[in-house]
Amino acid sequence: MEVLIYLIPVALVLGGAGLVAFLWSLRAGQYDDMEGPKWRILDDGDLQENSTPVEAAKRKAS
Amino acid sequence: MSAPERDWAAFVTNTDDGKAHMDLAVDGITCAACMYEIERGLQKLDGVEKARVNLSSHRLSVDWDEEKTNPSPIVDMLQKLGYKAYPFDPAQVKSRGDAVGKEILRALAVSGFAAMNIMLLSISVWSGNASDIDHETRAFFHWISALIALPTVVYSGRIFFRSAYMAIKTSRLNMDVPITIGVLLATGLSVWQTISEAEHAYFDSAVMLLFFLLVGRYCDHLMRRKTRSFAENLATLKAESAAKIQDDGSTLDVPLSKLAVGDRVLVRAGERISVDGRIATGTSEVDQSLVTGETLLQAVGEGDLVYAGTMNTYGVLEIEVTAAAKGTLLDEVNKLLETAMEGRSKYVHIADRASQLYAPVVHAAALLTLIGWIMLGMAWQPALVIAISVLIITCPCALGLAIPAVQVVASGLFFNERVLLNAGDAIERLASVDTIVFDKTGTLTLPEASLSQEHGLSAEQLELAGRLALSSSHPLSQAIARATGAQQSLPDAKELAGKGVEAQIDGVQVKLGSPAFCGVSEEQLAQAKEQHPDASFVAFQMGDEAAHLLPVGQFMREGAVETIQKLKDAGFAIEILSGDHAGAVKHAADLLDVESWKAGLKPQDKIDRIEELKAQGKKVLMVGDGLNDAPSLAAANVSISPVSAVHVSQAAADAVFLGDSLAPVMSALIISQKARWVMNQNLAISVIYNLIAVPFAVLGFVTPLVAALAMSGSSIIVTLNAVRLRMIAGTSSQPSQEA
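Residues numbered from 1 in each chain as written. Chains lettered and ligands numbered in written order. Predicted model: local features only at pLDDT ≥ 70, side-chain atom pairs only at ≥ 80, totals over all residues. Heavy atoms only, no water.

K.L.:
An account of the domain arrangement of chain B is requested, with residue identities and associated values reported.
P.N.:
Here the domain parsing of chain B yields domain 1 (8–95), domain 2 (96–237), domain 3 (260–324), domain 4 (419–446 + 557–669) and domain 5 (450–553). Spacing between the C-alpha centres of domain 4 of chain B and domain 5 of chain B amounts to 34 Å. (Domains from an automatic or database assignment.)

What follows is the structure in structure tokens.
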């Protein structure tokens, strides 16, 4: 049963790390907008021209 | 007259790294594309460091370098992109940080972490108890559980402890009192068991209880926050600011919170008056419909009192700000409102009523268990353990979730029907309504004046009238311009203040304005008034032809007739209480086929009537919007305001409905009735659970394992049952969605 001396603290530290990560994300405002981010991933406005794989392939082909 | 400079300094705060920061409410964001458009557009501006739109709250947060730019180009750019934006007054924005929500969420996270880790240890102990765990290992596990649980109970439990303490201090009993007793006893017992190296400890029960209850508490908070943030956006977009006249004679647009008594503000033609005050210079007619319900314009001049929320029609007024002076309408309304609010707080929520029944029963059961076992010859320690286990297993876990879970689901349904809740318990109170009292002006009718369909003009004349109306800022003219959809004003149109507009078309003089201005006879006016008792009249004249009278007024809301009919069919008693004159009210009541109506009422009269109905045992729903309705909104059992209502009324109402249609009132009643049905079911489930669990606990069969299973099982069942509301309410309220 000596193994418990290591395993229990390890379990607590891992769980605690998750808790700290959550508290950080809460403080950093990660949950302030639950609608916007899912749309932001579809926004291509930040890309350079011809930088998507499809466009790059087209350029190569021509 | 150019728009006044705006005092931006009042809205700007500084960020930690020295940049200027401003939050704006933005109107017109409908989808993600608007979000990109606004952010890109602003980022192109020189000096703007960060622009981020919050798509859930429709707010924009901008940071900029104060040396390079100022807020004016930012707001101009938004205007150019087609969005109406108005900065938040930092003094008034309370929900921005949402401190309460974050506190609950942190407590929830901590209790979740603790519950999982303690459960890990508890399951080891339970399986060990069934096989071959040795004394040392079990004690070790219990001590670690205690180490995790004690700080958690202090940290996560303080939300309940605080509220229980407040309740006891004011000698009331709420749900948090039995919760606090249960959690503290479970923790205390477990510490004692741990010290005496007993077989069972209830740390997992105590912490899991906190976790489930905090979930319920957060749901409750989330619902109210949504409404509040929406209401703040609305208040901000209404631009409740005033053009303050400074010492040098120039005007500056300042938020209302920066005005002091004795300041002078300028109100131009067609603007809403945003302060209470006395007219220093200028004469005009004001539209008081939002304040008193009176639809006819009232002439005012120097020295007269005007109220916030009234509309200035044609003159330019300089108003000296007064505090709510004694004897004014606002003073009276505030006094009535205070009294009505006190009466309101006497209402006891279903959940608290349940806990008032529940707590004595459970605590008596625990006490009887203790006495019973001691009389049967058991030592007092094991008897106490059994008695406390009765309290632990009956701790109102399911009861704590039963109501909030339904409220959250119901508020989502309300939102789909365009109704926002101010108070969570409004659902229960709406469900018991049997009498509905409507205000007329602005509630049954639209808040903005519009042109009647029976105007008697040809399409050509109508277009001409509309184009003429564009040149005037008088609210009645604006209503005509809106109704005709006119785009282009006539080139040589001249506005004669207080009279009307005139122009030359191909050598023919056309006039639009007051009946006297167009030479309308008294007889013709009287005749028209008989036909449209609820309207004001604008005259239109071409050349030497006889003038036409155009009835302009506040006409019925869309769906008002159908909604009232449906409400009557559903068995509700309908009544109209209005501050307007009898002719207009009778006209509206006839249109809606409502027999019971009263006109010319003062705020106190409305309250008296509502109290009379309440005394007859009726449950009254008040629907109203004006300042004069605010006290009766608070006096009624439950109240709803349209979104166009004055601020005081919106704050006094339990719910606010959006849009021009009256149909949401009907949907709100339907949903709340179904929601109450589900709430009652949930309470019944909790009671049945206790009926099964308590005998086991009394007999001493409840181990921590049984407690954990029973607790999580009952919580999940009531939550799932609450979600079921979406299905039963979603299908049958379809017809009202189309309306």
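The structure having been displayed, the exposition proceeds.
K.L.:
Provide a residue-level description of unusual backbone geometry, including the pertinent values.
P.N.:
The phi dihedral of Glu197(B) is positive, around 50°, even though this residue is not glycine. Positionally, Glu197(B) belongs in the loop between α5 (176–195) and α6 (203–237). (Helix = DSSP H or I, 4+ residues; strand = E, 2+ residues; numbered from the N terminus.)

K.L.:
I'd like a rundown of the sheet that holds strand β23 (residues 548–553) of chain B, residues and numbers included.
P.N.:
All names here are of chain B. Strands sit in the order β18-β23-β22-β21-β20-β19 across an open sheet of six strands; the sheet is antiparallel. Strands at the two margins of the open sheet, each flanked by one partner only, are β18 (450–451) and β19 (494–496). Here six bridges tie strand β20 (residues 500–505) to strand β21 (residues 508–513), and the two strands are oriented antiparallel to one another. Pairing of Val501 across the sheet is with Leu512, part of β21. The sheet strands contacting helix α15 (residues 475–484) are β18, β21, β22 (535–542) and β23, and the helix crosses β23 at an angle near 95°. (Pairing = 2+ DSSP bridges. Contact = heavy atoms within 4.5 Å. Axes fitted to C-alpha atoms, helices over the stretch in contact; angles between N-to-C directions.)

K.L.:
Just give me the short version of the interface of chain B and chain A, but keep the residues and values in it.
P.N.:
Of the residues lining the interface, 24 residues belong to chain B; the matching set on chain A comes to 21 residues. Between chain B and chain A, the buried area comes to about 1900 Å², and carbon and sulfur atoms account for 68% of it. Of all residues in chain B, Tyr36(B), Lys102(B) and Phe113(B) give up the largest surface area on contact with chain A, accounting jointly for 23% of the area buried on that side. Where chain B touches chain A, the interface holds two salt bridges. (Buried area = accessible area lost by both parts, 1.4 Å probe. Salt bridge = Lys/Arg side-chain N within 4 Å of Asp/Glu carboxyl O.)

K.L.:
Outline the side chain of Thr180(B), listing residues and values.
P.N.:
All names here are of chain B. Summarising the element assignment, Thr180 is placed in helix α5. The exposure class of Thr180 is buried, given its relative accessible area of 10%. The contacts of Thr180, once residues within four sequence positions are left out, are Phe160, Phe161 and Ala164. (Buried < 20%, exposed > 50% of the residue type's maximum accessible area, 1.4 Å probe, protein only.)

K.L.:
Kindly report on the nonpolar core, identifying the contributing residues and their values.
P.N.:
By size, the foremost hydrophobic cluster in this structure holds 98 residues, and its most contacted members are Phe414(B), Ile436(B), Phe438(B), Leu621(B) and Leu725(B). Each of domain 2 (96–237) and domain 4 (419–446 + 557–669) of chain B gives at least three residues to this core. (Core = buried A, V, L, I, M, F, W, Y, C linked by side-chain atoms within 4.5 Å.)

K.L.:
With reference to specific residues and values, describe the side chain of Lys606(B).
P.N.:
By secondary structure assignment, the location of Lys606(B) is in helix α19 (residues 603–615). Those residues within four positions of Lys606(B) in sequence are excluded, and the remaining contacts are Asp439(B), Leu577(B), Ser578(B), Gly579(B), Leu601(B), Asn628(B), Asp629(B) and Ser632(B).

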